[in-house]
Amino acid sequence: MIVNEQIAIDHGLKKDEYAKICKLLKRTPNITELGIFSAMWNEHCSYKSSRLHLKKLPTKGKKVIQGPGENAGVIDIEDNDAIVFKIESHNHPSFIEPYQGAATGVGGIMRDVFTMGARPIANLNSIHFGSPQNKKTKNLLRGVVHGIGGYGNCMGVPTIAGQTSFDSSYNGNILVNAMTLGLVKKNKIFYSKAAGLNKPVIYVGSKTGRDGIHGASMASASFDEKIEEKKPTVQVGDPFTEKLLLEACLELMAGDSIIAIQDMGAAGLTSSSIEMASKGNLGIEINLNKVPCRESKMTPYEIMLSESQERMLIVLENGKEEQAKKIFDKWNLDFAVIGKTTKSKKIELYFDEEKVADIPVNTLVENSPMYDRKWKKTKLPKKNKIKKEDIKHLKIIDSLKKILANPNVCSKEWIWQQYDHTVMGDTIQKPGGDAGVVRVHGTDKAVAASVDSSAVYCWAHPLTGGKQVVCESFRNLISVGAKPIAITNCLNFGSPENEENMGEFVECVEGIGEASEYLKFPVVSGNVSFYNQTKDEGIKPTPAIGGVGLIKNFKKMITMEFKEVDSLVLVIGKTEGHIDQSLFARNILDEKNGPPPEVNLFNEKNNGETLLKLIDNNLIKSAHDVSLGGLITAVAKMCIKGKKGINIKKPKYLINEIEYLFAEDQGRYIVEINKKDFKKVADILNKNAVHFDELGTITEKNIYINSKTKVTIDELSTSNKSWLTNYMSK
Amino acid sequence: MKSSVITFPGSNCDRDIDVALKKFGFKNKMVWHADAELPKSDLVVLPGGFSYGDYLRCGSMASKSKIMQSVINFANSGGMVMGICNGFQILVETGLVPGVLLRNKYLEFICKNVFVKINDKKNKYFKNVDNEVLEFHIAHNEGNYFCTNDQLKEIEDNNQIAINYCNENGKIEDQFNPNGSIKNIAGIFNKEKNVLGMMPHPERMIDTSLSGEDGSLFFKNLINNLK
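Residues numbered from 1 in each chain as written. Chains lettered and ligands numbered in written order. Predicted model: local features only at pLDDT ≥ 70, side-chain atom pairs only at ≥ 80, totals over all residues.

Colleague: Looking at this structure, I do not really get the overall build of chain B. What am I missing?
Modeller: Within chain B one finds five helices and eleven strands. Dimensions of chain B along its principal axes, counting C-alpha atoms only, are 45 × 35 × 35 Å. A fraction of 75% describes how many contacts in chain B between residues 6 or more apart in sequence connect residues 24 or more apart. (Helix = DSSP H or I, 4+ residues; strand = E, 2+ residues; numbered from the N terminus. Contact = placed C-beta atoms within 7 Å.)

Colleague: Which parts of the structure should I look at to understand the overall build of chain A?
Modeller: Broken down by element type, chain A carries 26 helices and 28 strands. Once the C-alpha set of chain A is aligned to its principal axes, its extents read approximately 85 × 50 × 45 Å. Each of the 730 residues in chain A was classed as buried or not, and the buried ones make up 62%. The long-range share in chain A, meaning contacts at least 24 apart out of those at least 6 apart in sequence, stands at 85%. (Buried ≥ 20, exposed ≤ 12 C-beta atoms within 10 Å, placed from the backbone.)

Colleague: So what exactly am I meant to see when it comes to the packing of helix H3 (residues 31-41) of chain A against helix H11 (residues 268-280) of chain A here?
Modeller: For any two helices packed against each other, one specifies the inter-axial angle together with the distance between the axes. Residues and elements named next belong to chain A. Between H3 and H11, the least distance of the axes is 10 Å, while the angle of their chain directions is 75°. Considering the angle they form, H3 stands roughly perpendicular to H11. Along the contact surface, H3 presents Ile36, Ala39 and Met40, while H11 presents Thr270, Ser271 and Ile274. (Axes fitted to C-alpha atoms, helices over the stretch in contact; angles between N-to-C directions. Parallel < 35°, antiparallel > 145°, perpendicular 65-115°, else oblique.)

Colleague: Please explain the sheet that holds strand S7 (residues 133-140) of chain B as it appears in this structure.
Modeller: Strands in a sheet are paired, the pairing made by backbone hydrogen bonds, and the direction either parallel or antiparallel. Residues and elements named next belong to chain B. Taken in spatial order, the nine strands of this open sheet run S2-S1-S3-S4-S11-S10-S9-S6-S7, and their pairing is mixed. Across the chains shown, the open sheet's two edge strands, defined by having one partner strand only, are strand S2 (27-32) and S7. For this sheet the average axis-to-axis angle between neighbouring strands, irrespective of direction, equals 25°. Sheet topology places strand S6 (residues 110-118) next to S7; eight bridges connect them, and they run antiparallel. (Pairing = 2+ DSSP bridges.)

Colleague: Whenever I open this one, the environment of proline 292 of chain A confuses me. Can you help?
Modeller: Residues and elements named next belong to chain A. Structurally, proline 292 can be placed in the loop between strand S9 (283-287) and helix H12 (300-305). For proline 292, a count of 16 C-beta atoms within 10 Å translates into the label partly exposed. In the structure, proline 292 is positioned 138 residues away from cysteine 154 in sequence and 25 Å away in space, judged by C-alpha atoms. Leave out the neighbours within four places in its chain, and proline 292 touches Tyr203, Lys207, Thr208, Asp334 and Ala336.

Colleague: Looking at this structure, how should I read the interface of chain A and chain B?
Modeller: The figure often quoted for interface size is the accessible area lost as the parts come together. Listed by partner, the interface residues are 23 residues for chain A and 23 residues for chain B. If you list the elements that add at least two residues to the side of chain A that touches chain B, you get helix H8 (137-155) and helix H10 (239-253) of chain A. Its residues assigned to classes, the side of chain A that touches chain B shows eleven nonpolar, nine polar and three charged. (Nonpolar A, V, L, I, M, F, W, Y, C, P; charged D, E, K, R; others polar.)

Colleague: Could you clarify how one ought to interpret the sheet that holds strand S2 (residues 73-76) of chain A in this entry?
Modeller: All names here are of chain A. Strands sit in the order S1-S2-S3-S6-S4-S5 across an open sheet of six strands; the sheet is mixed. Edge positions in the sheet fall to strand S1 (64-66) and strand S5 (159-166), since each of these pairs with one other strand and no more. Taken pair by pair, the neighbouring strands of this sheet meet at an average axis angle of 20°, ignoring direction. Sheet analysis places S2 next to strand S3 (residues 81-89), joined by four bridges and oriented antiparallel. Paired with valine 74 across the strands is valine 84, a residue of S3. Here helix H7 (residues 98-114) sits on the sheet and contacts S3, strand S4 (119-129) and strand S6 (175-185); the angle it forms with S6, its principal contact strand, is near 25°.

Colleague: What should I look at first to understand unusual backbone geometry in this one?
Modeller: In most cases, non-glycine residues show a negative phi, while peptide bonds are predominantly trans. Residue and element names in this part refer to chain A. A positive phi is found at lysine 535, a non-glycine position, where the angle reads about 50°. Relative to the assigned elements, lysine 535 resides in the loop between strand S19 (533-534) and strand S20 (537-538). Of the residues examined, lysine 535 has 10 C-beta atoms within 10 Å and is grouped as exposed. Even without being glycine, aspartate 566 reaches a positive phi, approximately 80°. With respect to the helices and strands, the residue aspartate 566 is situated in the loop between strand S21 (542-551) and strand S22 (568-572).

Colleague: Mind showing me how you'd approach helix H22 (residues 601-616) of chain A here?
Modeller: Residues lying three or four places apart along an α-helix face the same way, a consequence of the helix completing one turn every 3.6 residues. Residues and elements named next belong to chain A. Helix length check: H22 (16 residues) gives 22 Å between terminal C-alpha atoms against 22 Å at 1.5 Å per residue, within 8%. Among the residues of H22, Asn603, Glu604, Asn607, Gly608, Thr610, Leu611, Leu614 and Ile615 are the ones counted as buried. Buried residues along H22 cover an arc of 165° about the axis, so they all sit on one side. The inward-facing, buried residues of H22 contact helix H19 (462-479), S22, strand S23 (622-625), strand S25 (669-673) and helix H25 (678-687). Of the residues trailing H22, asparagine 618 is marked for its positive phi of about 60°. (Expected span 1.5 Å × (residues − 1). Arc of directions from axis to C-beta.)

Colleague: Explanation requested: the environment of phenylalanine 530 of chain A in the structure shown.
Modeller: All names here are of chain A. Inspection of the secondary structure puts phenylalanine 530 in the loop between strand S18 (523-529) and S19. Between the C-alpha atoms of phenylalanine 530 and methionine 502, which are 28 residues apart in sequence, the distance is 9.3 Å. Other than its neighbours up to four places away in sequence, phenylalanine 530 contacts Glu43, Ser49, Phe493, Ser495 and Pro496.

Colleague: Please clarify how the pairing of S6 of chain B should be interpreted in this entry.
Modeller: Where S6 of chain B meets strand S9 (residues 161-166) of chain B, four bridges bridge the pair, whose relative direction is antiparallel. Within the sheet, the bridge partner assigned to phenylalanine 115 of chain B lies in S9 of chain B and is cysteine 166 of chain B.

Colleague: Help me understand the packing of H7 of chain A against H8 of chain A, please; the structure alone is not making it clear to me.
Modeller: Residues and elements named next belong to chain A. The N-to-C vectors of H7 and H8 enclose an angle of 35°; their axes lie 7 Å apart at closest approach. In the crossing of H7 with H8, the sense of the turn from one axis to the other is right-handed. Of the residues in H8, those in contact with Pro98, Tyr99, Gln100, Gly101, Ala102, Ala103, Val106, Gly107 and Met110 of H7 are Leu140, Gly143, Val144, His146, Gly147, Ile148, Gly150, Tyr151, Gly152 and Met155. Classifying every residue of the contact of H7 with H8 gives eleven nonpolar, eight polar and no charged. (Left-handed = near helix turned anticlockwise from the far one by under 90°.)

Colleague: Before we go on, may I ask you to explain the pairing of strand S17 (residues 483-492) of chain A in this structure?
Modeller: Each regular strand shows side chains that alternate between the opposite faces of the sheet. Residues and elements named next belong to chain A. When you tally the buried positions in S17, you get nine out of ten residues, the bulk of the element. Looking at chain direction, S17 and S21 are connected through nine bridges and run antiparallel. Residue pairing across strands places cysteine 490 opposite alanine 544, the latter belonging to S21. Pairing between S17 and S18: six bridges, direction parallel. Bridged to cysteine 490 within S18 is asparagine 527. With respect to chirality, the unit in which S17 leads through helix H20 (residues 499-518) into the neighbouring parallel S18 is right-handed. (Right-handed = clockwise from strand over helix to strand, strands pointing away.)

Colleague: Is there a simple way to think about the environment of asparagine 617 of chain A in this case?
Modeller: Residue and element names in this part refer to chain A. Among the secondary structure elements, asparagine 617 is positioned in the loop between H22 and S23. With 13 C-beta atoms packed within 10 Å, asparagine 617 lands in the partly exposed category. With 303 residues separating them in the primary sequence, asparagine 617 and isoleucine 314 have C-alpha atoms 48 Å apart.

Written out as structure tokens, the structure reads:
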């Protein structure tokens, strides 16, 4: 086939990009080469619209061993232990085929982590669906949950936390973001940088089939009526093979024969070989006839672009082939020497004794397009004034019940019960809390992780929203007693070619950067997913932040359920009464305008760090951060989980009861303390200039508000727990 | 006391049970499925996980592994063999315990704490356990125990039911049955009661920081009974 401009356009390349390819090569590419360029230059692999802005994120810190640019980020958790972690999107495939899309998303992120030598110890996910009334939502949700469970459960890695939301902006584009944490010894981290000449290049894992060809290009395009036709571009996962691959790789990694290793993820053999060569400033020569294939008569084009799962590429020390092969034979996995490193700085492919591709590596990587897309700033919306008559008739308890049963607040037990969250025997905080916590096996340490996003805030004002998500992640880790260390981000947006969507991206990234800089909570890995849109309609901007923190002594971990009757309950942080963009405004008042709550980074940091001090001094019995639904929702959840009640007395400052209870002001936590510790706690809070209110006292089983309103915890628990189960069983 | 844990391709609770056995005093060895010989053992454990990816039928391929002939011989000569979760599925496939394990009634994987009532204490697994009811943990997709009426009669006549799903007070009712198992069966013995297959994972309940501590009771008691 002779390549021309139209074929290039069919590959998702733009006219000028094709012209650039011809110029760089000084000739017309052949079809295999064109396929390679299209895979490397698409948005998913090249970050061409986002690179410019991502550079602004803070990525360094005392605890950062490896920032963005590798398969995953790595942080130091002391005693020669390190945590490798990353979050990644699998949005497009999951909408087309929810089970396999979600499953391979989980498989892919675990591979990114064990490629670096780390054993995965926890999975998390952030999943977002269309409105519950949308006819596709239920099946998509079921398929995604089954897919995540199907893969993670089989791998034997616990899924310890997650986030699920529903919003009509995801009707045509669901989001499936998967995150994995792995544990590695600091001196046994593996990287993808090839080194040395004439080193054997090894292919291990599953055989290559025709599945997932052009998956990465599909993930870089918008959807239209023809999405069903894209089903064959979705990869099919086999968690069993991945489990074998994990064990075999870790066994090989215990020795010293690996120079570089890279998983074959998006754009398969193409991106893995090119990345290793590019990082090592080398060339790679591959004989495609040596690649183990699942189907007959696969062409070089298909072999290079297949996204068959569970495969790895390794550059090995010379002479170690036999020893390595023995390990892969033991685990019944393919092992093939397919090429070698060269000094040519080119990617040279041979098939049937013919050279089928010859491309300088730098043309694919350094010379890949980078765009400074046009973008539009979002003005901070004007505040709404809540009219007294709008809320006069509202009963607090009715509103609370409605909020607890809201799809975005309700208990997600139906989901996480389908994930094995206890395998590996170290899960000390299960899903349903502020963060999941796993012990570092055999030590006193534990690692906490949470994943958060606030699409509504980001939509109302991207800059504030970006900051808020980072802060929420920070708070969730602190609430379980962990010191926040670093984050990974999954940036889900609409089309970068649309100025408004691009503006949302730019300003969210700016907000994330500002907050993570201030909180010393750097970004160590991440992924960008653009084109989450169907026709012209994009999703609400949804950056998901995965935060990781350390608990030095796991016995000091905090959980959110109220522990003891007669304990005192405090609110840390000031309640100003910000109702705009709160769940209360949107769902009870049906008011969708206004700014999101303001983020005060000084207060976030100060309140959080002071709470950590209190926890360290054993003064806190339970804690929970205040987020969606405000203070009363947070308190109700602590009551439900602890099967206790509370007698609430609203402090006598200005704002009215509704604003006090439902406002979503930031930087707040609810904590339970022993009455006798009150003075000590108050002293520490005052000394650090942290505002706090006394909220009330824990009781047997009812919530009383100012002694006039009463509701039983059983009633609230039913509201909270039944929505999702009922929805899924209908 | 010496124990052996068999690792099949796809086993994923092998480390967990290794940790548990060692914690309560067993000298444990990990045994590879392709080995022919079992090391000298007082207890052999087939761990949980997804041996062979659950392909064909859960446990069926593992039941034909090379090591399994030695395990079967060991069991037939009175050796203690315990299968947990996927290990239970492997045991039914070997025929060492009767019945089959079907997909959960509600067609979904379930991971949660459950209560089980000990049905029979005249065996080395549960002898001297003070409690009647234990809080265990399950995590499975195919734990729905099924057998023919004739088999059930035989199982009941021989008192082969080990544990049944129940509530915290030991009530065995349908509403406490997580997966649709016949008679709420969570675990059964062979006739001689040296082989136990059960869906719950006691190895996930060995520490107050985890889901609970009733697994500790089980293992402490087990090693004492074997002494």
